[in-house]
Amino acid sequence: MSRLEQPTLLQVPVNPSEVARKLSWASAIEHCAELAGYSLDKQSSAIAGMDKARWSRIKSGQEGIKPDQLEAFMDACGNDAPLLWLMHRRGWDLNSVRKRETETERALRLAEKRIAELERDKRVLAEAIRGNV
């Protein structure tokens with residue numbers, strides 16, 4: 001499996017105000033790579049799964065990038081900076097946008113909530129037994 005096919009498990013935080021300051025699509029794509037720690041065109045083009053010349057044409061706006069390639073690139077970089085840039089450009093408030101919760105995240109949130117409730121109940125019972133109520 002290539003680097004491009006392996007989504008990054010670690011999500012890199014994206015500052016909405018930094019994304020909003022980017023003036024072009026190319027700078028948003030570069031920002032995405034930089035957030036992941038890729039500073040050279042050679043590194044960025046490799047994770048995008050294309051040669052350096054094509055990568056350069058995409059950055060200059062002479063060539064487009066297919067949605068599936070963009071999605072794979074953002075997955076490899078661990079952030080959605082280009083998508084957020086486009087949303088900002090289309091008038092979206094980036095501070096109010098949030099990702100949907102996955103089933104796993106939902107299950108974890110509910111489990112953590114239940115654990116907190118059980119710990120609180122345990123603490124109350126322990127205090128009652130000790131006579132601290």
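For the structure, see preceding data.
Predicted model, so just to flag it, every value in this text is computed and none were measured.

Draft legend 1. Inspection of the layout of surface pockets at higher detail. What the largest pocket holds in volume is close to 560 Å³. Lining the largest pocket we find 20 residues, and of these Q11, D80, L83, L84 and K99 sit closest to its centre.

Draft legend 2. Structural detail: helix α5 (residues 67-77). Residues Q69, L70, A72, F73, M74, A76 and C77 constitute the buried set of α5. G78, located one to two residues past α5, shows a positive phi value of around 75°.

Draft legend 3. Spatial organisation of the pattern of salt bridges. Within the structure shown, the criterion is met by 5 salt bridges. Between E117 and R114 there is a salt bridge, with the nearest N and O atoms lying 3.5 Å from each other. Taken together, the residues E117 and R114, both in helix α7 (residues 103-130) and 3 residues apart, mark about one turn of the helix. Judged by relative accessible area, E117 falls into the partly exposed class, the value being 27%. Here the salt bridges do not stand alone but share partners, grouping R54, R57 and E63 into one network.

The rules we used
Residues numbered from 1 in each chain as written. Predicted model: local features only at pLDDT ≥ 70, side-chain atom pairs only at ≥ 80, totals over all residues. Heavy atoms only, no water. 1 Å grid on protein atoms, 1.4 Å probe; cavity = no way out; pocket = protein on both sides within 12 Å on 5 of 7 lines; lining within 4 Å. Points joined across faces, edges and corners; volume = space filled by probe spheres on them. Buried < 20%, exposed > 50% of the residue type's maximum accessible area, 1.4 Å probe, protein only. Helix = DSSP H or I, 4+ residues; strand = E, 2+ residues; numbered from the N terminus. Salt bridge = Lys/Arg side-chain N within 4 Å of Asp/Glu carboxyl O.

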